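Overview (structure and organization)
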Amino acid sequence: MKIKAISAIAILLIIIGASCQSDDQIEFKRYYSGGSLVYQQHCQNCHGDKGQGLSALIPPLTDSTYLKQNKAVLACFIKNGLKGKITVAGRTFDDDMQADDIAPLEIAKVLTYVSNSFGNKMGTVTLQQVQEDIINCK
C-alpha cells in the first residue's frame, strides 16, 4: 500500500515538474504562435506556407545563414521594405519587398516565428530588440 502511494506521489511530482515552464519558454511560445498568425496574414502569400519563396522572384526564408548574418536588419526589411539585389542560399534576387506598416510587437512575433521555422532555430526575437533595430535602420 505504501509503495503504491509513494509511486503515485512520485508520478504526480514528475507530471507537475514536466508541466512547469520558465518565463522564457512561455514568452517564446507566445511570440511564436502569434508570429504564425502574422506570417499567414502578411508574409505567406509571397514567401510560401513553408518559407520556400517563389522561384527566382521571392527569396526563401529557409536559409538560416542569411537570417543570422542579417538579424539586425530583418526588422528594417519588414518595416521599410527592401530594394536591390540580395543573395540568399546562393541565389540572387532583385525584386522589391514592399514595406509593411505593422507594429513592432508584430514584427518581433513574426521574426520569432520565421527564425524558428523552416529549419531555422534562432530563439526569441524580443520587442526590445526590434525597437532597437528599427531605430538603427538605414
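Each remark here, short or long, concerns the structure printed above.
Quick look at the structure, then.

So, about the environment of Leu-111. The residue Leu-111 is located in helix H6 (residues 104-114) in this model. Taking C-alpha positions, Leu-111 is 6.3 Å from Val-125, a pair spaced 14 residues apart along the chain. Look past the residues within four positions of Leu-111 in its chain and what remains in contact with it is Leu-74, Ala-75, Ile-78, Val-125 and Val-130.

A few words now on the side chain of His-47. With respect to the element layout, His-47 can be found in helix H3 (residues 44-47). Judged by relative accessible area, which is 12%, His-47 ranks as buried. Of the polar contacts made by the side chain of His-47, one reaches the backbone oxygen of Pro-59; its length is 2.9 Å. Excluding residues within four positions of it along the chain, His-47 makes contact with Tyr-39, Gln-52, Gly-53, Ile-58, Pro-59 and Leu-61.

With phi around 55°, Ala-89 is a residue other than glycine that occupies positive phi space. We classify Ala-89 as partly exposed; its relative accessible area is 48%. Positive phi, close to 60°, is recorded for Phe-118, a residue that is not glycine.

The next subject is the layout of surface pockets. Roughly 620 Å³ of volume is contained in the largest pocket. What lines the largest pocket is a set of 30 residues, among which His-47, Leu-61, Phe-77, Ile-78 and Met-97 lie closest to the centre. Going through the elements one at a time, H3, helix H4 (64-69), helix H5 (74-80), strand E1 (86-88) and H6 are the ones with two or more residues in the lining of the largest pocket. Its residues assigned to classes, the lining of the largest pocket shows 22 nonpolar, four polar and four charged.

The subject of this paragraph is the state of the cysteines. Counted under the stated rule, the structure contains one disulfide. A sulfur-sulfur separation of 1.9 Å characterises the disulfide bridge that pairs Cys-76 with Cys-137. On the S-S bond that ties Cys-76 to Cys-137, the torsion sits near -100°, and the link is left-handed. Here Cys-76 is found in helix H5, whereas its partner Cys-137 is found in the segment after helix H7 (127-135), with 61 residues between them in sequence. Taking relative accessible area as the criterion, Cys-76 reaches 8% and is therefore assigned buried. In this model Cys-43 remains outside any disulfide bridge; the closest cysteine sulfur is found in Cys-46, 8.6 Å from its own. Note on Cys-43: relative accessible area 18%, which makes it buried.

What counts, and at which threshold
Residues numbered from 1 in each chain as written. Predicted model: local features only at pLDDT ≥ 70, side-chain atom pairs only at ≥ 80, totals over all residues. Heavy atoms only, no water. Helix = DSSP H or I, 4+ residues; strand = E, 2+ residues; numbered from the N terminus. Contact = heavy atoms within 4.5 Å. Buried < 20%, exposed > 50% of the residue type's maximum accessible area, 1.4 Å probe, protein only. Polar contact = N/O pair within 3.5 Å; in protein donor to acceptor, adjacent residues only side chain to side chain. 1 Å grid on protein atoms, 1.4 Å probe; cavity = no way out; pocket = protein on both sides within 12 Å on 5 of 7 lines; lining within 4 Å. Points joined across faces, edges and corners; volume = space filled by probe spheres on them. Nonpolar A, V, L, I, M, F, W, Y, C, P; charged D, E, K, R; others polar. Disulfide = S-S within 2.5 Å.

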